[in-house]
Amino acid sequence: MSETAKISIQGKEIELPLVIGTEKEVAINISDLRSSTGAITLDIGYKNSGATTSEITYLDGEKGILRHRGYAIEDLAENSSFIEVAYLLIHGELPNQTQLDEFDTNIRRHTLVNEDMKNIFEAWPTGSHPMGQLIAMISSLSSFYPESLDRENYESQKLLNIYRLLAKMPTICAMIFKKSLGHPIIYPQNKLDYVSNFLNMTFKHVTEDYEIDPVMVDALNKLLILHADHEQNCSTSTVRLVGSSHSNLYASVAAGVAALWGPLHGGANQEVIEMLELIKKDGGNVEKWVNKSKDKNDSFRLMGFGHRVYKNFDPRAKIIKKACDEMLNKLGVNDPTLEIAKKLEEKALGDEYFIERKLFPNVDFYSGILYRAMGFPVEMFTVLFALGRLPGWIAQCHEMREHKQPIGRPRQIYTGYPYRPFVKRSDRP
Ligand code: CMC
């Protein structure tokens, strides 16, 4: 089979090398295209463009496969902890017990945030969205750790920044939650594991004891694992792009959180619950809402449906749906929106419009029901997505630096006015 692609541009023919991935995915390497022909490629929304090679995550959207460093998401969700998956993503291999203990201890050592960070909350009006706060809090870590800006010592600072960010993220997320309630914050307790510590900081009241429920710990571990990485999605590409200018890790990740916030990306988990509530309030007629989502004159879309890459099923959604049933049973929660979600899914999956366009429930369709059953308000859902995605962002950002990739700088095709002479204000019509 040929290892090159031939293209002819305005009479000029050139041969471009192919890049073949581990799983036989094929890309045309166009690095020399512009220098040899003057042309660039145009692919709005990057639907066909690879921005990088990567050894972290493999995803086959047609077959519904998701693997991290070669390990299937189903196996990781079943057998691993979130912190172990974080190690795998960042270091490339599953840790042995000593490596895992060392990683875990290093994270536990950095869970406290500087007390001055609490002052930042004073500036925000009541009711400001947790995601806006999260972006600012993560970005502000670069002010509390100015050594992270030291480009000369990037390598020696790298691990410390990783530990700090992984450790402080749950503390910051829980602080945001407590502040939204006007409650005093609960400090981290380093005897607790990553997920239990987060649950304790979030749900414990200063005045009362809080018993950490192992069912919740299991479910949250699973949810965080399912969100841990997803190759070159919008937020991860943002982290890599920002990091490619050698911006510090905190600023790069804060930019990723901003990208995640949008309702077409991670913000969809909040929108799903709001949509299900709306359908419930409207009498639960799912057919009406499925029809609305098909109407091109109506801006309504079925949130939690469709995916840029998955065109058969989203393996994460399958695992979450099962976990959702199990956890609601174990916690004895009866959530009528789960019934509406199931009916909506059934209706949409049998509908020609959705079949033709290969639209299936994605990771966000059922995750919100689980988060709500745990006691999180909807505004916190995307924060939880960010907490889960953090190790992926870190791994991808460092891979980009290790591969010594150049600054990301797309080109464009200009479609505005050609040159025109300046018109003095007095002569303008
Ligand atoms: N409801 C109704 N129609 C839809 C939906 C939907 N949720 N999603 C896509 N379509 C239609 C769309 O109108 C278009 O139809 P046509 O070909 O007639 O113009 C066709 O399907 C293709 O859609 P697209 O918008 O061109 O596809 P995309 O790859 O650019 O967008 C998406 C992918 C996820 C942004 C989109 O499916 C969507 O908006 N879904 C709802 C939001 C959502 O659930 N986002 C979470 C994604 S998974 C979590 C994560 O971000 O990682």
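The structure this text deals with has already been given above.
Because the structure is a prediction, the values reported are computed rather than measured.

1. Side note on the packing of aromatic side chains
- Tallied over the entire structure, the rule returns 16 aromatic pairs.
- Note on Tyr-87 and Phe-103: the rings are 5.2 Å apart at their centroids and 90 degrees apart in plane angle, and the pair reads as edge-to-face. One end of the pair, Tyr-87, is in helix α3 (residues 82-91); the other, Phe-103, is in helix α4 (residues 97-108), with 16 residues separating them in the sequence.
- Residue classification places Tyr-87 among the buried positions, given a relative accessible area of 10%.
- Put simply, the rings of Phe-177, Phe-198, Phe-203, Tyr-210, Tyr-371, Phe-376 and Phe-381 touch in pairs and so form one group of aromatic residues.
- Its guanidinium or amino end placed over the ring of Phe-313, Lys-318 lies 4.2 Å from that ring's centre, counting from NZ or CZ.

2. Some words on the sheet that holds strand β5 (residues 65-68)
- Strand order across the open sheet formed by 3 strands is β4-β5-β6, with antiparallel pairing between neighbours. Here the strands that pair on one side only, and so sit at the sheet edges, are β4 (57-60) and β6 (71-72).
- As paired elements, β5 and β6 share 2 bridges and run antiparallel to each other. In the sheet register, Arg-67 faces β6, and the bridge partner there is Ala-72.

3. Considering the side chain of Asn-197
- Within the fold, Asn-197 resides in helix α8 (residues 194-203).
- Ignoring anything within four residues of it in the chain, the contact list for Asn-197 reads Thr-111, Pro-188, Gln-189, Asn-190 and Leu-192.

4. Quick notes on the nonpolar core
- Ranked by size, the top nonpolar core spans 113 residues in total, and within it Leu-134 and Phe-376 carry the most contacts.
- For Leu-134, the residues in contact, after removing those within four places along its chain, are Met-169, Ile-172, Cys-173, Ile-176, Val-257, Val-383 and Ala-386.

5. Side note on empty space enclosed by the protein
- All chains considered together, the criterion is met by 1 cavity of 30 Å³ or more.
- Of the pockets and cavities examined, the largest cavity occupies roughly 80 Å³.
- In terms of lining residues, the largest cavity is bounded by Ile-107, Arg-108, Thr-111, Ala-167, Pro-170, Thr-171, Leu-192, Asp-193, Tyr-194, Asn-197, Phe-198 and Met-201.
- When contributions to the lining of the largest cavity are tallied by element, the ones reaching two or more residues are α4, α7 (154-181) and α8.
- Top contributing element to the lining of the largest cavity by residue count: α8, with 4 residues.
- Counted by class, the lining of the largest cavity contains 7 nonpolar, 3 polar and 2 charged residues.

Basis of the calculations
Residues numbered from 1 in each chain as written. Predicted model: local features only at pLDDT ≥ 70, side-chain atom pairs only at ≥ 80, totals over all residues. Heavy atoms only, no water. Phe/Tyr/Trp six-rings, centres within 6.5 Å; stacked < 30°, edge-to-face > 60°. Helix = DSSP H or I, 4+ residues; strand = E, 2+ residues; numbered from the N terminus. Buried < 20%, exposed > 50% of the residue type's maximum accessible area, 1.4 Å probe, protein only. Lys NZ or Arg CZ within 6 Å of the ring centre and 35° of its normal. Pairing = 2+ DSSP bridges. Contact = heavy atoms within 4.5 Å. Core = buried A, V, L, I, M, F, W, Y, C linked by side-chain atoms within 4.5 Å. 1 Å grid on protein atoms, 1.4 Å probe; cavity = no way out; pocket = protein on both sides within 12 Å on 5 of 7 lines; lining within 4 Å. Points joined across faces, edges and corners; volume = space filled by probe spheres on them. Nonpolar A, V, L, I, M, F, W, Y, C, P; charged D, E, K, R; others polar.

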